[in-house]
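The lines below spell out each chain.
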Amino acid sequence: MLMNNKEVRAGATIITEGAAAGSFYVMVEGRTQVLVKDDLAHAYDGTGAFGELALVHNAPRASTVTAVEVCVLYTPDSDTFRLAKGLGILVKA
C-alpha cells in the first residue's frame, strides 16, 4: 500500500466542482478553501482529507478545493483506496 506525495502551490485548484473523480487527498500541511457554487463552504487549515465521496459514490465532484498556501498532500494508490473503501473508512456520515 502506498501514498503518493504531492506539493501544491498557493492558488492552485486541487479539485474542480463537476469534474470526474480521480483521487482523494490527505492534506498534512497547508490551507485550502472549499467552494460550492462559488460560496465558501469549508476551509482546511493544516490537516484534512477531501475528495473521497465522489470516488465512493462514482459521482462528479461536489466542490472546488483551492490551495490558499502551499499544501503537502498525499494520495493513495488504487490498492490502498480499494482497501480503505472495502473497510468502510472513507464514507462520512
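Please refer to the structure placed before this passage.
Residues numbered from 1 in each chain as written. Predicted model: local features only at pLDDT ≥ 70, side-chain atom pairs only at ≥ 80, totals over all residues. Heavy atoms only, no water.

K.L.:
I'm lost on the overall build of the protein chain in this one. Help?
P.N.:
In terms of helices and strands, the protein chain carries two helices and eight strands. Walking the protein chain from its N terminus toward its C terminus, one meets helices and strands in the order β-β-β-β-β-β-α-β-β-α. Burial status across the protein chain gives 38% buried among its 93 residues. Sequence separation of at least 24 residues holds for 76% of the intrachain contacts in the protein chain that already meet a minimum separation of 6. As displayed, the protein chain offers around 5,600 Å² of accessible surface, 53% of which is attributable to carbon and sulfur atoms. (Helix = DSSP H or I, 4+ residues; strand = E, 2+ residues; numbered from the N terminus. Buried < 20%, exposed > 50% of the residue type's maximum accessible area, 1.4 Å probe, protein only. Contact = heavy atoms within 4.5 Å. Areas by Shrake-Rupley, 256 points an atom, 1.4 Å probe, with all protein chains shown as cover.)

K.L.:
How should I be thinking about the environment of Met-3 in this particular structure?
P.N.:
Tracing the backbone shows Met-3 in strand β1 (residues 3-8). Its relative accessible area of 39% is what places Met-3 among the partly exposed residues. Taking the C-alpha atoms as reference, Met-3 lies 9.2 Å from Val-26; in sequence the two are 23 residues apart.

K.L.:
I keep staring at the layout of surface pockets and nothing clicks. Help me out?
P.N.:
Unoccupied space between atoms shows up once a probe the size of one water molecule is rolled over them. If you add up the space inside the largest pocket, you get close to 280 Å³. In terms of lining, the largest pocket is formed by 17 residues, of which the most central are Phe-50, Gly-51, Leu-53, Ala-62 and Ser-63. When residues of the lining of the largest pocket are assigned to their parent elements, the largest contribution, three residues, is made by helix α1 (residues 52-56). Residue composition of the lining of the largest pocket, grouped by class: eleven nonpolar, three polar and three charged. (1 Å grid on protein atoms, 1.4 Å probe; cavity = no way out; pocket = protein on both sides within 12 Å on 5 of 7 lines; lining within 4 Å. Points joined across faces, edges and corners; volume = space filled by probe spheres on them. Nonpolar A, V, L, I, M, F, W, Y, C, P; charged D, E, K, R; others polar.)

K.L.:
Sorry if this is basic, but what is going on with the pattern of salt bridges here?
P.N.:
Oppositely charged side chains can pair when the atoms bearing their charge come close. For the structure on display, the rule yields one salt bridge. Here Glu-69 and Arg-31 are joined by a salt bridge, their closest N and O atoms 3.3 Å apart. With Glu-69 in the loop between β7 (64-67) and β8 (71-76) and Arg-31 in strand β4 (residues 31-36), the pair connects residues that are 38 residues apart, well separated along the chain. We classify Arg-31 as partly exposed; its relative accessible area is 35%. (Salt bridge = Lys/Arg side-chain N within 4 Å of Asp/Glu carboxyl O.)

Keep in mind these values describe shape, not function.
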